[in-house]
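A closer look at the structure
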Amino acid sequence: MSDAELVLRSTRVITPEGTRAASVAVTDGTITAVLPHDAPVPEGARLEDVGDHVLLPGLVDTHVHVNDPGRTEWEGFWTATRAAAAGGITTLVDMPLNSLPPTTTVPHLRTKQQVAADKAHIDVGFWGGALPDNTKELRPLHEAGVFGFKAFLSPSGVDEFPHLERDPLARTMAEIAAFDGLLIVHAEDPHLLASAPQQPGPKYADFLASRPRDAEDTAIAHLIREAKALHARVHVLHLSSSDALPMIAEARAEGVRITVETCPHYLTLTAEEVPDGASEFKCCPPIREAANQDLLWQALADGTIDCIVTDHSPSTADLKTDDFATAWGGISGLQLSLAAVWTEARRRGHGLEDVVRWMSARTSELVGLDDRKGAIAVGRDADFAVLAPDETFTVDPVALQHRNRVTAYAGRTLHGVVKSTWLRGQRIVADGEFTEPKGRLLTRTH
């Protein structure tokens, strides 16, 4: 590491081989060596010794609604990426909807990239969108570098992003399979949702009944059948129903190319504790019961669920009314995701290595960034979070970087304080102080 410009040293560095005391050498933004803790620092290199704080790879969040351009009163690249950096996230992939225009054509992608270019505090990539009428746009978007394609099987909540019924889904999946792309799916069956009891008002139990597990399970079963027939790559977004886990495990054992994510709110919040009228807890599919949550954690442990992402989906505060039927559905979680997951993971006997696997390594693999992101290893980008895992803080919405500081975690005490975040060897936030934006726009390379 004679040409190293920076050495980060910690008694606890999380690497693919385990956690150990180490010195990590960085040259031109890339990790060039992972050496013993007491390795000599090369002449001219700067040493950053973080002591006993944990040095972990920057998190990669592959499910974020930035809403920019078009709904920037909800969020935006400047605020979203600051919030992400404050929470130890160094890469995010932006969802194609809730922005205007949605990312459903190459010109729309270029618009979004232009908006993001000078506002991104962290690295940003983009998903494309699959609509009933844009099948011909999918290959051009793939060639332009989107990481895959988002589709809804039930109404999305915004008119400009309609859902796919069964025949359009089959056409879309066949087109994407033809170039071995990735289809990521909001899987709820619209007919079962329509037939579920619809009782407006402030009671969370009524909202939960309106989004039954069977709607998820039925949609996932159909997705599996289509993926098996077409040998397509599919990814189930924000799984909340534990009832779907056996069929997912069986499908994978049969060779179906299916991966699955869940979210911090499904792993740390329960239906039993949601106060009536508290629509900051509303999301679709919904936060379910504690017994369901236990099974999601088991599925993370055994690998049936691959990864954890935020599904950060903010809105203005006025859209979070006390009527669960009409309130905007979405939970803001970028800044708090690491702490929320770590707090519950440690309670259940999991280590930080598990959290890094679920929130960095496997998310990087999902989008094909595992040659650059997701691990402290030679050749990867020098993206790090420095974490004090035993320190606690109480969530104060005022301290959040999100544009709208509405949070389901308000007042909760969480473990894990991010002391600093580094992007390609440059510290981008430390103790609440941010640099100017240094993020790059990412495209799929393989």
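Scroll up to find the structure.
Residues numbered from 1 in each chain as written. Predicted model: local features only at pLDDT ≥ 70, side-chain atom pairs only at ≥ 80, totals over all residues. Heavy atoms only, no water.

Remarks on the packing of aromatic side chains
The condition that has to hold: Here a Phe, Tyr or Trp ring, Trp counted by its six-membered ring, pairs with any other such ring whose centre lies within 6.5 Å, and the pair is stacked when the planes are under 30 degrees apart, edge-to-face when over 60, and tilted otherwise. Here a helix means four or more residues in a row that DSSP labels H or I, a strand means two or more in a row labelled E, and each is numbered from the N terminus. Exposed residues in this analysis have more than 50% of their type's maximum accessible area, buried residues have under 20%, and partly exposed residues fall in between, with area computed by a 1.4 Å probe over protein chains only. For a ring to carry a charge above it, either NZ of a lysine or CZ of an arginine must fall within 6 Å of the ring centroid while also lying within 35 degrees of the normal to the ring plane.
Within this structure, the stated rule accounts for eight aromatic pairs. With a centroid separation of 6.2 Å and an interplanar angle of 70°, the aromatic rings of phenylalanine 77 and phenylalanine 126 are classed as edge-to-face. Of the two residues, phenylalanine 77 sits in helix α1 (residues 77–86) while phenylalanine 126 sits in strand β8 (residues 123–126), which places them 49 residues apart along the sequence. Comparing phenylalanine 77 with phenylalanine 126 shows no difference in burial state: the two are buried. Aromatic side chains tryptophan 297 and tryptophan 358 sit 5.9 Å apart centroid to centroid with 70° between the ring planes, which places their arrangement in the edge-to-face category. Residue tryptophan 297 is found in helix α10 (residues 290–302), and its partner tryptophan 358 is found in helix α12 (residues 352–366); the two are separated by 61 residues along the sequence. Across the pair, exposure class does not vary: tryptophan 297 and tryptophan 358 are buried alike. Positioned over the ring face of tryptophan 74 is arginine 71, at 5.4 Å from the centre of the ring.

Focus: the sheet that holds strand β6 (residues 59–64)
In plain terms, the rule: DSSP-based pairing: two strands are paired if at least 2 bridges between them are found. With axes taken as lines fitted to C-alpha atoms, and helix axes fitted only over the stretch in contact, angles between N-to-C directions fall between 0 and 180 degrees.
Pairing in this open sheet of three strands is parallel, and the strands run β6-β7-β8 from one edge to the other. Each end of this open sheet is capped by a strand with a single partner; those strands are β6 and β8. On average, adjacent strands in this sheet sit at an angle of 20° to one another, irrespective of strand direction. In this structure, β6 lies alongside strand β7 (residues 89–94), joined through four bridges in parallel fashion. Bridge pairing in β7 links aspartate 61 to leucine 92.

A closer look at the sheet that holds strand β13 (residues 258–262)
What counts here: Every residue pair with non-hydrogen atoms within 4.5 Å of one another is taken to be in contact.
Across the sheet, which stays open at both edges, the six strands sit in the order β9-β10-β11-β12-β13-β14 with parallel pairing between neighbours. Two strands lie at the open edges of the sheet, namely β9 (128–129) and β14 (307–308), each paired on one side alone. Judged from the four bridges that link them, strand β10 (residues 149–152) and strand β11 (residues 182–186) form a sheet pairing that is parallel. In the strand pairing of β11, alanine 151 is matched with valine 185. Running over the sheet, helix α4 (residues 166–178) touches β10, β11 and β12 (233–236) and is turned about 150° from β11.

Focus on the pairing of strand β2 (residues 18–27)
Every other side chain in a regular strand lies on the same face of the sheet, so the side chains alternate between the two faces. Burial within β2 is extensive, with seven of its ten residues counted as buried. Looking at chain direction, strand β1 (residues 6–15) and β2 are connected through eight bridges and run antiparallel. The residue bridging isoleucine 14 from the neighbouring strand is threonine 19, located in β2. The turn linking β1 back onto β2 is made up of two residues. In the sheet, β2 pairs with strand β3 (residues 30–36) via six bridges, with the strands oriented antiparallel. The residue of β3 that forms the bridge with alanine 22 is proline 36.

So, the side chain of histidine 265
Here histidine 265 lies in helix α9 (residues 264–268). You can call histidine 265 buried: its relative accessible area is 3%. When sequence neighbours within four positions are dropped, the list of residues in contact with histidine 265 reads Cys283, Ile287, Thr310, Asp311, Ile331 and Tyr409.

Topic: the nonpolar core
Proteins that are soluble and globular tend to have nonpolar side chains buried together. In plain terms, the rule: The set of buried Ala, Val, Leu, Ile, Met, Phe, Trp, Tyr and Cys residues whose side-chain atoms join them within 4.5 Å is what this entry labels a nonpolar core.
In this structure, Phe149, Leu183 and Leu239 are the most contacted members of the largest nonpolar core, which totals 100 residues. With residues near it in sequence (within four places) discarded, leucine 183 still touches Phe149, Ala151, Leu169, Thr172, Met173, Ile176, Arg233, Val234 and His235. If you look at the next biggest cluster of nonpolar residues, it comprises 18 residues, including Val93, Phe147, Phe152 and Leu182.

A closer look at the pattern of salt bridges
As a reminder of what qualifies: Should a side-chain nitrogen of Lys or Arg be within 4 Å of a carboxyl oxygen of Asp or Glu, the pair is scored as a salt bridge.
All chains considered together, the criterion is met by 24 salt bridges. As a salt-bridge pair, arginine 71 and glutamate 160 come within 2.7 Å of each other at their nearest N and O atoms. Residue arginine 71 is found in the loop between β6 and α1, and its partner glutamate 160 is found in the loop between β10 and α4; the two are separated by 89 residues along the sequence. A salt bridge links glutamate 273 to arginine 412; the nearest nitrogen and oxygen atoms lie 2.5 Å apart. Here glutamate 273, found in the loop between α9 and α10, pairs with arginine 412, found in the loop between β15 (384–394) and β16 (413–423); they are 139 residues apart in sequence, far enough to count as distant. Overlapping salt bridges, with partners in common, bring together Asp123, Lys373, Asp381, Asp383 and Arg424 in one network.

Structural notes on the pairing of β6
Selection criterion: Look down the strands so they point away from you; if the path from the first strand over the helix to the second goes clockwise, the crossover is right-handed.
The buried count for β6 comes to six of six residues, which makes it a mostly enclosed element. Note that the unit made of β6, α1 and β7 has a crossover that is right-handed.

Here we look at helix α8 (residues 245–253)
Side chains three or four residues apart in an α-helix point the same way, a direct result of the helix having 3.6 residues per turn. Here is the rule: Arc, as used here, means the arc of the directions from the helix axis to the C-beta atoms.
Residues Leu245, Ile248 and Ala251 constitute the buried set of α8. Down the axis of α8, the smallest arc covering the buried residues is 125°, so these residues share one side. Facing away from the buried side of α8 by more than 90 degrees, the exposed set consists of Pro246 and Ala253. Residues of α8 that are buried make contact with α7 (213–230), β13 and α10. Among the residues trailing α8, glycine 255 stands out with phi positive, at a value near 95°.

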